[in-house]
Amino acid sequence: MQTRFNQLVPLRILLLLCSTVSVVNAEVMISGLERAASDNVRILLSLEKEKCDAPRWKIEQLFAEAEQEINPALRAVGFYHPTIEKSLAFNQACWLAKFTINAGPQVTVKNITITINGAAHDDAEFKKLREKLIAKTGQPLRHDHYEKMKSQLASLAAQRGYLKSEFTTKKLLIDKLHNTASFELVFDSGKRQQFGEIIVEQDVLDPELIAKYIAIKSGEFYSSEQLVETYDALSKSGYFDSIDIRPATEINGKPIPVIIKLHPKPRYHYAFGIGFDTDIGILASASYHDNRLNRFGHFLTAELDIAPVLSTANVEYTIPLDNPLTETFSVGAGLKRENNDSFTSISAKLSGRYKYAFANGWKQTLFLDYSYEDFKTGTEQGKTLLLVPGGSWLYSVADNPLRPTEGYRLKFDVGGSYKIPILSDVSFAQGSLAATWIHALPWSGGKFIGRTELGATIADNFNKLPTSYRFYAGGINSVRGYTYKELGPKDEQGNVIGGQYLSVFSTEYEHAIFDDWGVAAFVDTGNAFNDLSSINLKTGAGLGARWYSPFGPVRVDVAIPLNDADSAFQIHFSAGARL
């Protein structure tokens, strides 16, 4: 068996090499044309597709017929008077065809006439499109531009409910003598259709709630955009597994009924996971989601994360409001235990949140938190009650959510409390900004990533302020090269106690080396502090590896501190999108 295998391998390699040679394409040289014209000629030229081993008679026949393909290819981009010189040569290995083409003068569009008949004659959107198309007068002729004009008119008609529209005249006229062209289009839109009865087939949610997701209304003009908007809204609601929206196909001049069939998602969803984070250690997580607590669309989310450094348990009850896609109110409760190198704390919180998504992309959260925290940091310890109203505003944009090359993220947070017996033990006000910017560098093929965090706190008694409201630096999303929350002001014994202010800045260069892998180099600097006049920034630098996984980037960074630190280097691991 072994001997046979060794004999077969060379034979297979020889056959493979022979096969590889036989599929080599011959060379067709085209000169004298601009890029668009040359590309179009190559697309239509049959010789371009032939290989070296094609029969000679076939190559000669296609060569003789080449002008019949070149001429229409050039006419399509506006050249009606070409002169063509050509040659064909054969050798033992292959053949070579040469075409030297003088395209001649290009035809220009002298006149564009577009007439809109029917109900769309007075439609503002059709008037706007007509003016835009007529403005193309004087441009070089391209047949695909003429076809695109027709498509734009037909598409607008379908979008706006002119479902029996048609062209009664469509002419592309060429004056070869003067090298000019004229477009003549007469478009009859017919009657504009309206939506008829809207029928929703589902039995899990209150019809009034479902109606808030539906953009189409009975009696309004038919609009394909509103059908798409309705589908997107129902899909984003999170209640349904499948959505089927079907307008009637038979029109007959009557309003068009629409049937919407909705199949619900399973009511309950459970998830369990285990992972690792260099800041908090091995992480075990579990979550529970009740999609439909009742017919009004209220839902419940519970999450549990357990790790050596940070463990949390949260439950939240959410109520959709007037526009459920952009506006919700929730009440929740949570427990948190944190035990890092700088402090230990156990806290409990009750909260209310009003969330609103603005049309311009900003997301707002207004909140009221009532919390109790038992903490110890350095030689300080305390037990503090706080009633904290506040808000956060988030804006994020990216060209690709999983692997962005252009984008940025901004987040502002403000909050505070006023000392009132029973309700709050400390008066304070706090604000913070977190920003990330990603920008492609075309000259290098990589991208720049800039990041900053800024924060400030004013408190009447900082010693009683819980560690949850103090600033620290260090860790994967802060100053790499230092451990999680290692940096900040210290007490007389050298214990980190957290600060009133925070400044962190990061610059990073990331470069892909394979389709799914990349490398990075970075410098981070920052610290938390109490005195604005004596800011002591700590700096870390390092290199990293990136895996662009299907669920988002995975980052592994090796960083060294450039100032005094608890360790000589840090390895940081994290996963998830930056923006």
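Residues numbered from 1 in each chain as written. Predicted model: local features only at pLDDT ≥ 70, side-chain atom pairs only at ≥ 80, totals over all residues. Heavy atoms only, no water.

Whenever I open this one, unusual backbone geometry confuses me. Can you help?
Negative phi is the rule for most residues except glycine; trans is the rule for most peptide bonds. Phi at N179 is positive, roughly 55°, even though this residue is not glycine. Inspection of the secondary structure puts N179 in the loop between β5 (166–175) and β6 (180–188). The phi angle at I422 is positive, at roughly 80°, despite the residue not being glycine. Taking relative accessible area as the criterion, I422 reaches 69% and is therefore assigned exposed. (Helix = DSSP H or I, 4+ residues; strand = E, 2+ residues; numbered from the N terminus. Buried < 20%, exposed > 50% of the residue type's maximum accessible area, 1.4 Å probe, protein only.)

It is not clear to me how the sheet that holds strand β7 (residues 195–201) should be interpreted in this structure. Could you clarify?
In any sheet, the strands associate via hydrogen bonds between backbone groups, in a parallel or an antiparallel arrangement. Reading across the sheet, the three strands line up as β7-β9-β8 and stay open at both edges, with mixed pairing between neighbours. Only two strands of the sheet have a single partner each, and these edge strands are β7 and β8 (240–247). With direction set aside, neighbouring strand axes in the sheet form an average angle of 15°. With seven bridges joining them, β8 and strand β9 (residues 256–264) adopt antiparallel strand pairing. Looking across to β9, one finds that I245 is bridged to I260. Sitting on the sheet, helix α8 (residues 224–236) is in contact with β7, β8 and β9, with an inclination near 165° to β8. (Pairing = 2+ DSSP bridges. Axes fitted to C-alpha atoms, helices over the stretch in contact; angles between N-to-C directions. Contact = heavy atoms within 4.5 Å.)

For this particular structure, what's the right way to read the sheet that holds strand β4 (residues 108–117)?
On the basis of which strands lie adjacent, the open sheet formed by three strands has the order β4-β6-β5 and mixed pairing. On the outer flanks of this sheet lie β4 and β5, each paired with one strand and no other. Sheet twist, expressed as the average angle between the axes of neighbouring strands with direction ignored, equals 5°. Two elements, β5 and β6, share nine bridges in a ladder whose sense is antiparallel. Counterpart to L172 in the pairing with β6 is F183. Sheet contacts for helix α5 (residues 124–134): β4 and β6; angle to β4, the most-contacted strand, approximately 165°. Those strands touched by helix α6 (residues 143–159) are β4, β5 and β6, and its axis lies near 15° from that of β6.

In this structure, what is going on with the packing of aromatic side chains? I would like to understand it.
Given two aromatic rings, their pairing is described by the distance between the two centres and the angle made by the two planes. Tallying each qualifying case throughout the model produces 20 aromatic pairs. Among the aromatic residues, those joined into a ring-pair cluster are F126, Y162, F167 and F187. R56 extends its terminal NZ or CZ atom over the ring of F90, reaching a point 4.1 Å from the ring centre. The lysine or arginine in question, K86, covers the ring of F63, its NZ or CZ lying 4.6 Å from the ring centre. (Phe/Tyr/Trp six-rings, centres within 6.5 Å; stacked < 30°, edge-to-face > 60°. Lys NZ or Arg CZ within 6 Å of the ring centre and 35° of its normal.)

Even after reading the chapter, I still don't get the side chain of S330, so can you show me in this structure?
Mapped onto the secondary structure, S330 falls in strand β14 (residues 327–339). In this structure the side chain of S330 is engaged in a polar contact, spanning 2.6 Å, whose partner is the side chain of E316. Beyond its immediate sequence surroundings of up to four residues, S330 is in contact with E316, Y317, T318, S351, G352 and R353. (Polar contact = N/O pair within 3.5 Å; in protein donor to acceptor, adjacent residues only side chain to side chain.)

Would you explain the side chain of D279 in this entry?
Along the chain, the position of D279 falls in the loop between β10 (268–277) and β11 (281–290). Within the local environment of D279, its side chain forms a polar contact with the backbone nitrogen of I476, the two atoms lying 3.4 Å apart. With near-sequence residues (within four places) excluded, D279 lies in contact with V309, G475, I476, N477, Y484 and H572.

How should empty space enclosed by the protein be read in this particular structure?
In this approach the atoms are scanned with a rolling probe the size of a water molecule, which exposes any empty space left behind. Tallied over the full model, the rule gives one cavity of 30 Å³ or more. There is about 80 Å³ of room inside the largest cavity. Lining the largest cavity, in full, are L402, R403, P404, I438, K447, I449, E510, R546, Y548, P553, R555 and R578. Those elements that place two or more of their residues in the lining of the largest cavity are β20 (446–459), β23 (538–549) and β24 (552–561). Looking at the lining of the largest cavity, its residues break down into six nonpolar, no polar and six charged. (1 Å grid on protein atoms, 1.4 Å probe; cavity = no way out; pocket = protein on both sides within 12 Å on 5 of 7 lines; lining within 4 Å. Points joined across faces, edges and corners; volume = space filled by probe spheres on them. Nonpolar A, V, L, I, M, F, W, Y, C, P; charged D, E, K, R; others polar.)

Honestly, the environment of G297 in this entry has me stumped. Any pointers?
You can see G297 is positioned in the loop between β11 and β12 (299–306). On a C-alpha basis, the gap between G297 and M29 in space is 66 Å, while along the polypeptide they are 268 residues apart.

Mind showing me how you'd approach the packing of α5 against α6 here?
Helix-helix packing is described using two parameters, namely the angle between the two axes and the distance between the axes. Contact geometry of α5 with α6 gives a least axis separation of 11 Å together with a crossing angle of 170°. On the basis of the axis angle, α5 is roughly antiparallel to α6. Two secondary-structure elements touch here, α5 through E125, F126, L129, K132 and L133 and α6 through M149, Q152, L153, L156 and A157. For the contact of α5 with α6, the residue count by class is seven nonpolar, one polar and two charged. (Parallel < 35°, antiparallel > 145°, perpendicular 65-115°, else oblique.)

Quick question: what am I supposed to make of the state of the cysteines here?
What we call a disulfide is simply a covalent bond connecting the sulfur atoms of a pair of cysteines. Enumeration over the complete set of coordinates arrives at one disulfide. A disulfide bridge connects C52 with C94, and the sulfur atoms are separated by 2.0 Å. Handedness here is read from the sign of the S-S torsion; for C52 and C94, about -85°, the answer is left-handed. Highlighted residues: C52 in the loop between α2 (35–44) and α3 (56–64) and C94 in the loop between β2 (83–90) and β3 (95–102), separated in sequence by 42 residues. (Disulfide = S-S within 2.5 Å.)

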